[in-house]
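One-letter residues, chain by chain:
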Amino acid sequence: MPGLTQDRLWSEAVILEGENRVLRVQSTRDALLCLKNHWPMANGEGNARSEALAACDRVIDGQDEPDAARGAFIKAAEEAQFAVHSWTGNEGT
């Protein structure tokens, strides 16, 4: 796993609503920690989660842009059955 010293902010925060919790994710580091520590185990082992983890690693390593991780994270959140929102109301973008 790459070091978490190079955080990459997203163009817009993502708000996840799950059972008994709301999570605000605004950067690649936030997403990586959320995917590793706060993902629902029953729904969290899907392909989209693995792709999102890989996308976060690439962004933190400087190999991709932050919004690539954001897009992959949103897909994983939808796969895990979170309700996905953004500050502007553009869900899933």
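Look up a bit, the structure's there.
These numbers come from a predicted model, not from an experiment.

J.: Quick rundown of unusual backbone geometry? Include the residues and the values.
T.: Even without a glycine there, the phi angle at N20 is positive, about 65°. In this fold, N20 is placed in the loop between β1 (9–18) and β2 (21–27). Assessed through its relative accessible area of 77%, N20 is described here as exposed. Although it is not a glycine, Q81 adopts a positive phi angle of roughly 70°. Structurally, Q81 is set in the loop between α3 (66–79) and β3 (83–86). Accessibility expressed as a relative area gives 64% for Q81, which makes it exposed.

J.: For the pattern of salt bridges, give the residues involved together with the corresponding values.
T.: All told, the structure shown has 1 salt bridge when counted by the stated rule. Where D64 meets R58, a salt bridge forms, and the shortest distance between an N and an O atom there is 3.9 Å.

J.: So what's going on with the state of the cysteines? Residues and values would help.
T.: Counted according to the given criterion, the structure contains 0 disulfides. Between C34, a free cysteine, and C56, which holds the nearest cysteine sulfur, the sulfur-to-sulfur gap is 9.6 Å. Note on C56: relative accessible area 0%, which makes it buried.

J.: A description of the packing of aromatic side chains should follow, citing residues and the corresponding values.
T.: Following the criterion strictly, the structure yields 3 aromatic pairs and no others. A ring pair is formed by W10 and F73, whose centres lie 5.7 Å apart and whose planes are at 50°; its orientation type is tilted. With W10 in strand β1 and F73 in helix α3, the pair connects residues that are 63 residues apart, well separated along the chain. Assigned by exposure class, W10 and F73 land together as buried. Ring centres of W39 and F82 lie 5.1 Å apart, and the angle between their planes is 50°; on these two criteria the pair is classed as tilted. Pair noted here: W39 is in the loop between α1 (28–37) and α2 (47–60) and F82 is in the loop between α3 and β3, with a separation of 43 residues, a long-range link. Across this residue pair, the class does not change: W39 and F82 are buried. One aromatic cluster is present, formed by W10, W39, F73 and F82 through successive ring pairs.

Each value, and the rule that gives it
- Residues numbered from 1 in each chain as written.
- Predicted model: local features only at pLDDT ≥ 70, side-chain atom pairs only at ≥ 80, totals over all residues.
- Heavy atoms only, no water.
- Helix = DSSP H or I, 4+ residues; strand = E, 2+ residues; numbered from the N terminus.
- Buried < 20%, exposed > 50% of the residue type's maximum accessible area, 1.4 Å probe, protein only.
- Salt bridge = Lys/Arg side-chain N within 4 Å of Asp/Glu carboxyl O.
- Disulfide = S-S within 2.5 Å.
- Phe/Tyr/Trp six-rings, centres within 6.5 Å; stacked < 30°, edge-to-face > 60°.

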